[in-house]
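Chains, contacts and geometry: an overview
Each chain, written out:
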Amino acid sequence: ATLNDGKDTKVAVKVQRPSVLATVSKDLYVLRRAAEVFQGLVERFAPQQKTNYVALLNEWSIGFYTELDFANEARNQERLRTGLIEAGIKGITVPKVYKEMCTRRVLVSEWMDGIKLSECEKEEIAEITALAQEAFLTQLFGMGFFHADPHPGNILKLNQPTEEGYTVAIIDCGLMANVDKADQDHMISAVIHLANKDYASLVDDFIRLKILPTDCDRATIIPLMDKALSPYVKGGGAKKYEEELKKMYGMEESVSSQVGGFQAMTQDALTVLNDVPFSIPPYFAILGRAIVTLEGIALTGNEDYGIIMETYPFIARKLLSENRPEIQQALQEVLFSVGDSSSPGLKLNRLLALLNNASGTVGTKEGAAFVDLDAVPEDGLSLGDGLKLLLSDNAESVRKLLEEEVENIAWIFFRQIIRKGMTEASVALAPPRPPSLPFIGDLISLPKLQLDDIPLPFLLPGEETTSTPSVSVMTANQFTDLIAPKLTRDEEIYAISISDAAEEFLGPQVADFLRGDALLSTQSASLVLAAASTGLLGNKDLLGTQNAQNVIQAVSNLLKRLDSKTGGSVEDVLAKVTAKLSD
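Residues numbered from 1 in each chain as written. Predicted model: local features only at pLDDT ≥ 70, side-chain atom pairs only at ≥ 80, totals over all residues. Heavy atoms only, no water.

Along the chain, the regular secondary structure elements total 21 helices and 14 strands. Scored against the burial criterion, the 583 residues of the chain give a buried share of 41%. Of the contacts formed within the chain by residues at least 6 apart in sequence, a portion of 65% connects residues at least 24 apart. Total accessible area on the chain is roughly 31800 Å²; 57% of this is exposed by carbon and sulfur atoms. (Helix = DSSP H or I, 4+ residues; strand = E, 2+ residues; numbered from the N terminus. Buried < 20%, exposed > 50% of the residue type's maximum accessible area, 1.4 Å probe, protein only. Contact = heavy atoms within 4.5 Å. Areas by Shrake-Rupley, 256 points an atom, 1.4 Å probe, with all protein chains shown as cover.)

Printed below as a string of structure tokens:
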């Protein structure tokens, strides 16, 4: 239709058919009575099953009735449109609503000139899938308010981009659903564990989502999860799922193997029905329908599409940015490998991998089917881009989590560097031994002197009540133990893991410095001077006058001439990094 507003504005008018409310009510009444009968049969013959089928039907009934209320649909449509705009979603929009013209049976909204996704070519569907996926994940995990009926007829490819640059429109917001924050967090955790093939932790997620009871038999459930969910994570839809199941149960060869495989699969199915008391929460049925619908669309454009792996970069961005305690807990599991006593503390390679995951590059394992939390992709983020992401507003959560850990890391490496540095200094400053002549021996027989055994005066900080320092006489070893206590075995393992990751991402010079190796070498000195001169250690203005800059430059140049291995490469890298951060 056209509005009488003097601008000939085109609008879409949706009018409810007569008597549709009475027809739907009769159908739902019949289904409700049937659900009550079925529920009674389940409770009598399969009491271990906890799904409330009457509650499921009630949830569907609410959805049907709200779809018939166009005033409610107008509110849904406006809420979804505003939410996507506020979330900064690009390329996809929802038509605006003319509220003053809407009633319970009439909906007037912005006209969108385009074709249904079901009428698009395969390549077009693949392109639109990325936009629709980002919009749906934002609804589910960001807004907690999602479109529950995203079939191809409700997604339009616009013939011409809008003034704002939108190329896709979502219509028909009659059936929407809400997810509270707690369930959002549990689902985020479930995606992480499913993508990482951590089925033991996935059981805990299902318990929190009320799919499984707290007293469920984990030993029975975990192997069944592996068989049921692993083929699904690999992607490819129902056809590939069937192929993977046949491989798993050995049903691809002879007739006898097919019979045996079918029997094994049937036995597992009976185990699920008889021994696993799962239940389906009412809202979960609507969510599952929406996910299956979207996945079906995506498979049309890409027959190998796997929604779990495609979702993971979005989940990684949520982990980096969200500050809620539940998200922080999931982030700790990813970065600290909770429960792995062999390597305690922060896993730097996992932090680097997570930054790459958030940017869309995911390291995989087991034939590219599952996410490898420890893998840093070779074609991933550069040092500058990684630091830029880490220091941006999009990584507030991980920075908060790392605050205390950074202090711990700094304390460990300070002690390691000081202890190795003191050892190097003791060796370098020890007096030379007199020469020894052939057949004669030492010209002068002197006791062997070790610098770290000689008592020396050391300046120590004063007490809390006074700022006056005090002088104490002790050996270098005693002084080192006082200011840099020896690392424990766990701390040594932690330091090695951080150093190895630093070598992979930052280069061998940084790793050698962290390990305390060649601390007094020209490479280490050049590294520190390069960091100072590029401003990585702070604002350049803090370096003082131009004279200070000249001194740093002169010493740096001297070190380059003394040691050609540095070649100025460290300074060049740091300069590029700080330039990116200033953007």
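Structure's up, so let's keep going.
This part covers the packing of helix H5 (residues 181-195) against helix H11 (residues 307-321). Contact geometry of H5 with H11 gives a least axis separation of 10 Å together with a crossing angle of 125°. One element, H5, and the other, H11, form an angle in the oblique class. In the crossing of H5 with H11, the sense of the turn from one axis to the other is left-handed. Counting all contacts with H5, which are made through Ile188, Val191, Ile192, Leu194 and Ala195, the residues of H11 involved are Ile308, Thr311, Tyr312, Ile315, Lys318 and Leu319. Split by residue class, the contact of H5 with H11 holds nine nonpolar, one polar and one charged. (Axes fitted to C-alpha atoms, helices over the stretch in contact; angles between N-to-C directions. Parallel < 35°, antiparallel > 145°, perpendicular 65-115°, else oblique. Left-handed = near helix turned anticlockwise from the far one by under 90°. Nonpolar A, V, L, I, M, F, W, Y, C, P; charged D, E, K, R; others polar.)

Quick look at the environment of aspartate 27 now. By the element assignment, aspartate 27 lies in helix H1 (residues 20-45). For aspartate 27, a relative accessible area of 47% corresponds to the partly exposed category. As a C-alpha pair, aspartate 27 and serine 61 span 34 residues in sequence and 10.0 Å in three-dimensional space.

Next up on the list: the sheet that holds strand S6 (residues 155-158). Within a beta sheet, neighbouring strands are joined by backbone hydrogen bonds and run either parallel or antiparallel to one another. In space, the four strands of this open sheet follow the order S2-S7-S6-S4, with mixed pairing throughout. Two strands close off the open sheet at either side, each with one partner strand: strand S2 (92-93) and strand S4 (114-116). Of the pairings in the sheet, the one linking S2 to strand S7 (residues 168-170) comprises two bridges and is parallel in character. Paired with isoleucine 92 across the two strands is valine 168, which belongs to S7. (Pairing = 2+ DSSP bridges.)

Further remarks concern unusual backbone geometry. The phi angle of most residues is negative, glycine excepted, and most peptide bonds adopt the trans form. With a phi close to 50°, aspartate 8 is a non-glycine residue in the positive phi region. With respect to the secondary-structure elements, aspartate 8 resides in the segment before strand S1 (11-15). Notably, lysine 210 is not glycine yet its phi reads approximately 65°, a positive angle. Mapping lysine 210 onto the fold places it in the loop between helix H6 (199-208) and helix H7 (218-233).

Here S4 pairs with S6 via three bridges, running antiparallel. Note on S6: the bridge partner recorded for glycine 114 is leucine 158. Bridge analysis of S6 against S7 gives three bridges, and the strand direction is antiparallel. Directly across from leucine 156, in S7, lies its bridge partner alanine 169.

This paragraph deals with helix H4 (residues 122-143). Spacing of three or four residues puts side chains on the same side of an α-helix, whose turn is 3.6 residues. Here H4 contains 22 residues, and its C-alpha end-to-end distance of 30 Å stays within 8% of the 32 Å for a straight helix at 1.5 Å per residue. Considering bend angle alone, the principal kink of H4 is centred on isoleucine 128 and spans about 30°. Those residues of H4 that fall on the buried side of the exposure criterion are Ile125, Ile128, Thr129, Ala132, Gln133, Ala135, Phe136, Leu137, Thr138, Gln139, Leu140 and Phe141. Count one or two residues on from H4 and you reach glycine 144, which has phi positive near 70°. (Expected span 1.5 Å × (residues − 1). Bend = angle between axes of the 7 residues up to and from the residue.)

All right, on to the nonpolar core then. Judged by nonpolar contacts, the single largest core of 96 residues is most densely connected at Phe146, Leu319, Leu335 and Val398. Grouped together as the second largest cluster of nonpolar side chains are five residues, Phe70, Ala74, Cys102 and Leu107 included. (Core = buried A, V, L, I, M, F, W, Y, C linked by side-chain atoms within 4.5 Å.)

Before going further, it helps to examine the packing of aromatic side chains. When we look at a pair of aromatic rings, we describe it by the centre distance and by the angle of the planes. Across all of its chains, the model carries four aromatic pairs by this definition. Aromatic side chains phenylalanine 136 and phenylalanine 146 sit 6.0 Å apart centroid to centroid with 75° between the ring planes, which places their arrangement in the edge-to-face category. Pair noted here: phenylalanine 136 is in helix H4 and phenylalanine 146 is in strand S5 (residues 145-147), with a separation of 10 residues, a long-range link. Given a relative accessible area of 0%, phenylalanine 146 falls into the buried group. Judged by centre distance (6.4 Å) and plane angle (35°), the rings of phenylalanine 141 and phenylalanine 314 are tilted. Of this pair, phenylalanine 141 sits in helix H4 while phenylalanine 314 sits in helix H11, and the two are 173 residues apart along the sequence. Phenylalanine 141 sits in the buried class, given a relative accessible area of 3%. If you follow arginine 79 out to its NZ or CZ, it ends over the ring of phenylalanine 145, 3.8 Å from the centre. (Phe/Tyr/Trp six-rings, centres within 6.5 Å; stacked < 30°, edge-to-face > 60°. Lys NZ or Arg CZ within 6 Å of the ring centre and 35° of its normal.)

This paragraph deals with the pattern of salt bridges. Oppositely charged side chains may form a pair once their charged atoms are brought near each other. Applying the stated rule across the entire model yields 17 salt bridges. Residue glutamate 134 is joined to arginine 317 by a salt bridge in which the shortest nitrogen-to-oxygen separation is 3.0 Å. In this pair, glutamate 134 sits in helix H4 while arginine 317 sits in helix H11, placing the two residues 183 residues apart along the sequence. On the basis of relative accessibility, which here comes to 28%, the residue glutamate 134 falls in the partly exposed class. Across the pair aspartate 226 and lysine 197 runs a salt bridge whose closest N-O atoms are separated by 3.9 Å. Taken as a pair, aspartate 226 in helix H7 and lysine 197 in the loop between H5 and H6 lie far apart in primary sequence, 29 residues in all. If you follow the salt bridges from partner to partner, you end up with Asp185, Lys318, Glu322 and Arg324 in one network. (Salt bridge = Lys/Arg side-chain N within 4 Å of Asp/Glu carboxyl O.)

Our next topic: the side chain of asparagine 76. Position of asparagine 76 among the secondary structure elements: in helix H3 (residues 70-86). Overall, the relative accessible area of 10% leaves asparagine 76 in the buried class. For asparagine 76, the contacting residues outside a window of four places in its chain are Phe145, Cys173, Gly174 and Met176.

A surface patch of nonpolar side chains, amounting to about 330 Å² of accessible area, comprises Val37, Leu41 and Phe45. A residue is classified by how much of its surface remains accessible, and leucine 41, at 45% relative accessible area, is partly exposed. (Patch = residues over 30% accessible without salt bridge, like charges linked within 9 Å, V, L, I, M, F, W, Y side chains within 5 Å.)

This next bit is on the environment of histidine 193. When you line up the elements, histidine 193 lands in helix H5. Taking the C-alpha atoms as reference points, histidine 193 and valine 203, separated by 10 residues in sequence, lie 9.4 Å from one another. In this structure histidine 193 touches Asp198, Ser201, Leu202, Asp205 and Glu333, once residues within four positions along its chain are discounted.

The packing of two helices is summarised by the inter-axis angle and the distance between the axes. Where H3 contacts H4, the axes come no closer than 11 Å and their chain directions differ by 95°. The angle between H3 and H4 falls in the class roughly perpendicular. The residues of H4 that touch H3, namely those facing Arg79, Leu80, Gly83 and Leu84, are Ala135, Gln139 and Met143.

What follows concerns the confidence of the model for the chain. When pLDDT is averaged along the chain, the result is 78; 74% of the residues meet or exceed 70. For the stretch residues 532-545, pLDDT sits under 50, and the model shows 22 contacts to residues farther than four places along the chain or on other chains. (pLDDT = per-residue confidence, 0-100.)

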